[in-house]
Amino acid sequence: MADLPLLDARDVHKTYRFGALGVEVLRGVNLAVRSGEWLAILGSSGSGKSTLMHLLGGLDRPDAGQGEIHFRGEPISLQPGSALDRYRNRDIGFVFQFYHLLPELNVLENTLLPALVFGARSEGRTAVRQDAEALLGAFGLGHRLTHRPSQLSGGERQRVAIARALINRPAVLLADEPTGNLDAATGAGILDLLAERHKQGLTIVMVTHDHEVAARATRQIRLLNGMTDRSIAT
Amino acid sequence: MEVHHSTAFRPPVDPTVYASLVSNRYLTSRLIPVIAVAAVALCVALVITVVSVMSGFLDMLKASGRSIVGDVIVSSGIGGMPYTEELLAELRALPEVAGATPLIDTIGLLRMPYPAGPQKETAHVQVWAVDPASLAGVTDFADDLYWRAPKDAAAADAMAPDDPRRALDPTILEDGKRLLQSSTNTPGIALGMHVSVGNARQRDGSYLPRYGWFMPGLEVTLTVVPVSGKGKIAEPREQIFPVVNEVQTGLFEVDRNRVYIPLQEGQRLLRLDEAPLYDLTADPDASGNYPVIGRTPARVTKLLLRAKPGCSADALRDRVQATYDAFADRIEADRSRTASMPRFLQVLTWEQQLRDLIVPVEKEREMMRVLFSLIYLVCAGLILSIFWAIVVEKTRDIGILRSVGASRTGVMWIFLRYGLIIGTLGSALGVLLAWAIVTNVNPIHEAIGSDAPLAIRVTAWCLASACAVGLCVTALRRKFLPTLLWTLGTIVLSAAALGLTLHHGTLIWDPSIYYFTLVPDKVDWWAAGTTAVGGVLFSVIGSAIPAAKAADIDPVEALRYG
């Protein structure tokens, strides 16, 4: 069991249909993510990076009978929607290129959102609120708790998004171009933050098209034409 | 699937907390829910107000109707019922009966004292020959007599300066109660308030004599046509009566048609009084008269009964029917009687008797309720369209919520809860608004019926001018939306100010049409409750379709393109 990958994609296919037209985005991707590693998935636009990320995070399913995603050895793609909801909520944390914060909620509420979905009340809510405040404080946002996303800079928004992704202490952080919308210095700060979490044992899967960003990861793979290109795997 | 709970450090509980948070924020961070709440409130208030006024009108009609005919009415054919004194004695002895009175109901022609000159107007009337003392114990006859002296100085001061009641003598009421002109000891007649065209109803519900035709004290001639038990019409008979008072029951049909005369006069005129019974088979005497073999009893055509408190009209009707049947059997078995009781007669409750009057109003109320309830569909459609727009706008939010584990049901609940809150708030506000309108409907009506106060007119013009200034400023800045809004404000306020300036009072609830001085001002709480529940229900229905759409949104699509 010690060698069991945390996340394991086996011969995953994904085709999007637009009427009669089918666009095969993933063509048999195989990928194993081990606990504690930081994996960067490199690829150009349209190579299927984000699609793979959505499949790994249980937001979408592979084509029927065309591959499987396993989490801790258990297949997730065949599970009912409610199980996938729980999986996304408790085992996965998403970070997106465009932050994707709810504009009506403040920083603290955005961070707490996954915990509220999980269902934290009374004494549990107090504990999770303390967790959120500690996280945001560690990310340098302790003075921004009641601010709305529109009042934050891009880097601050992304840090809030990371805090939100971590609030339920997930097993894996899935980051889709986490620095893609930031300038180099701010992006570097975000990568430092991820590196710090990785050092603490967090498993990270990061999608990027930027080699410099990918270089911060402990392992890289490339997606090419919907398949993993093993030639550059490090 | 055994999912590893990396968050086992916290107790899992209420999954609707986030839905509450998100829907509350959607509610409080924008203007559109306020518009939706206002729409629901207006719909609910409109239905409650209309139904309450209609229900109040119906209740007043019923109360008025019962006060005119009592609880139970026994009606025979035109030939009348004999031995009614004995029958009434038995009926009055029943524990359910609070009062009973006999009367004759027929039609007649009334020659009025106006106009001046030999040609007089004639009105066709419903004649009630009554025993005024016992009638007052069954109906509100005594209370309905209109002309009476004021009770005290304060009551007199409350009357208009030209109100003739201020100068009346107290005997006018007593004469009315007895149907007797005491000064001449002559049997009198009481007219329904609108039998004479001389009574002009004022806005406050009082009457002023028109063209000086104050009826009490004037004489009228009543002509009736006796009809035999076999249906043959005899020579019309007429009698001059002094008008002793006038009666205002509140029901227009009654007040326009009915006159009251003493029972004995009615029996005599209609040949329903006690009379000798001749043996027409015997030879007449020297003067041509047949021998008298007995006397036929006096008759009446109706009995009115009042139930004691706690006894329903239906129960009293059944008891009266049984008593009458037993009485009729005894009379029939008694060979000494010269007349028999009619077997075909009607025993009806007051509601059955007045159903021609009450049922149309009831149907009208239900029709209004149904028609106005269609507003709910507008309400649901409005909420549907608002929510649909919100769901489209919030597609990305839905994707975000799904990415952090929110279920489809949870997403749906956000919007259903949103609709539920809007419906509940709107309905509650609607009930409050309706309560405020209905309980103040008479002052509001009074205000509508009067000239607008100068201060309000000036205020309206000032506001319109302020809007016009705003319009000029925004037009110069070339901003389309503010310019449009200021333009609309200027038009609406100018129209309102102009309307208030030209307005000289609109009487909506005209007492001369509805015959109740006041607009009903009691909230129909049953209708209010059902309407409020309907408001909530249709709001939730209106939000259910966008909520289901939200739940069906593909999170990947939402994140990618939302």
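Values in this document were obtained by computation on a predicted structure and should not be read as measured data.

**Considering the overall build of chain A**
Logical step 1: Of regular secondary structure, chain A possesses 7 helices and 10 strands.
Logical step 2: For a compact globule of 234 residues, the expected C-alpha radius of gyration is about 17 Å, and chain A comes in at 18 Å, within 12% of that figure.
Logical step 3: Its C-alpha atoms give chain A principal-axis dimensions of about 50 × 45 × 40 Å.
Logical step 4: Across the 234 residues of chain A, 51% fall into the buried class.
Logical step 5: Once local pairs closer than 6 in sequence are excluded, the contacts in chain A between residues at least 24 apart make up 72%.

**Remarks on the sheet that holds strand β1 (residues 7-18) of chain A**
Residues and elements named next belong to chain A.
Logical step 1: The antiparallel open sheet is built from 4 strands, whose spatial order is β2-β1-β4-β5. The outermost strands of the open sheet, each flanked by one partner alone, are β2 (21-33) and β5 (74-75).
Logical step 2: Note: β1 against β2, 10 bridges, orientation antiparallel. What sits directly across from L7, in β2, is V33.
Logical step 3: Of the strands in this sheet, β1, β2 and β4 (68-71) are in contact with helix α1 (residues 49-56), which crosses β1 at around 120°.

**What to know about the domain arrangement of chain B**
Logical step 1: Entries for chain B in the domain assignment read domain 1 (13-67 + 351-441 + 521-562) and domain 2 (104-299).
Logical step 2: Centre-to-centre separation of domain 1 of chain B and domain 2 of chain B, based on C-alpha positions: 56 Å.

**Here we look at the pairing of strand β15 (residues 346-349) of chain B**
Residues and elements named next belong to chain B.
Logical step 1: Taking every second residue as pointing to the same face, the buried face of β15 carries V347 and T349, while none of Q346 and L348 on the other face is buried.
Logical step 2: Summarising the sheet, strand β1 (residues 72-75) and β15 pair through 4 bridges and their orientation is antiparallel. Note on β15: the bridge partner recorded for V72 is T349.

**Quick look at the environment of P242 of chain B**
Residue and element names in this part refer to chain B.
Logical step 1: Relative to the elements of secondary structure, P242 occurs in strand β10 (residues 237-247).
Logical step 2: Along the chain, P242 and I293 lie 51 residues apart, while their C-alpha atoms are 38 Å from each other.
Logical step 3: Apart from the residues within four sequence positions on either side, P242 is in contact with Q181, T186, G188, G217 and E219.

**Quick notes on helix α20 (residues 525-552) of chain B**
Residues separated by three or four positions in an α-helix point in the same direction, a consequence of the helix having 3.6 residues per turn.
Logical step 1: Look at α20 of chain B: 40 Å from first C-alpha to last across 28 residues, which is about the 40 Å you get at 1.5 Å a residue.
Logical step 2: Taken as a whole, α20 of chain B carries its principal kink of about 30° at A544 of chain B; the proline P546 of chain B stands between one and four residues after it.

**Topic: the confidence of the model for chain B**
All names here are of chain B.
Logical step 1: Of the residues in chain B, 95% reach a pLDDT of 70 or more, and the chain-wide mean stands at 87.
Logical step 2: Overall, residues 1-13 carries pLDDT values under 50, and its contacts beyond four positions in sequence, including any with other chains, amount to 34 contacts.
Logical step 3: The ipTM assigned to the predicted complex is 0.92, against a pTM of 0.70.

**Structural notes on unusual backbone geometry**
Logical step 1: Here Y114 of chain B and P115 of chain B are connected by a cis peptide whose omega angle stands at -5°.
Logical step 2: Mapped onto the elements, P115 of chain B comes out in the loop between β2 (97-111) and β3 (122-130).
Logical step 3: Here the phi dihedral of R72 of chain A falls at roughly 50°; this positive angle occurs in a residue that is not glycine.
Logical step 4: Positionally, R72 of chain A belongs in the loop between β4 and β5.
Logical step 5: For Y99 of chain A, which is not glycine, the phi dihedral falls at a positive 65°.
Logical step 6: With respect to the helices and strands, the residue Y99 of chain A is situated in the loop between β6 (92-95) and α3 (107-118).
Logical step 7: The class for Y99 of chain A is buried, based on 23 C-beta atoms found within 10 Å.

**Remarks on the environment of V320 of chain B**
Residue and element names in this part refer to chain B.
Logical step 1: Of note, V320 is situated in helix α10 (residues 313-333).
Logical step 2: Considered as a pair, V320 and T487 are 167 residues apart in the sequence and their alpha carbons are 72 Å apart.
Logical step 3: Not counting chain neighbours up to four residues away, the residues in contact with V320 comprise V72, V74, L91, L305 and V347.

**Comments concerning the packing of helix α15 (residues 408-439) of chain B against α20 of chain B**
Relative orientation and spacing of two packed helices are given, respectively, by the angle between their axes and the distance between those axes.
All names here are of chain B.
Logical step 1: Interhelical geometry of α15 versus α20 gives an angle of 155° and a closest axis separation of 7 Å. Relative to α20, α15 is oriented roughly antiparallel. With respect to the hand of their crossing, α15 and α20 are arranged in right-handed fashion.
Logical step 2: Classifying every residue of the contact of α15 with α20 gives 19 nonpolar, 11 polar and 1 charged.

About the cut-offs
Residues numbered from 1 in each chain as written. Chains lettered and ligands numbered in written order. Predicted model: local features only at pLDDT ≥ 70, side-chain atom pairs only at ≥ 80, totals over all residues. Helix = DSSP H or I, 4+ residues; strand = E, 2+ residues; numbered from the N terminus. Rg over C-alpha atoms; globule rule 2.2 N^0.38 Å. Buried ≥ 20, exposed ≤ 12 C-beta atoms within 10 Å, placed from the backbone. Contact = placed C-beta atoms within 7 Å. Pairing = 2+ DSSP bridges. Axes fitted to C-alpha atoms, helices over the stretch in contact; angles between N-to-C directions. Domains from an automatic or database assignment. Expected span 1.5 Å × (residues − 1). Bend = angle between axes of the 7 residues up to and from the residue. pLDDT = per-residue confidence, 0-100. Parallel < 35°, antiparallel > 145°, perpendicular 65-115°, else oblique. Left-handed = near helix turned anticlockwise from the far one by under 90°. Nonpolar A, V, L, I, M, F, W, Y, C, P; charged D, E, K, R; others polar.

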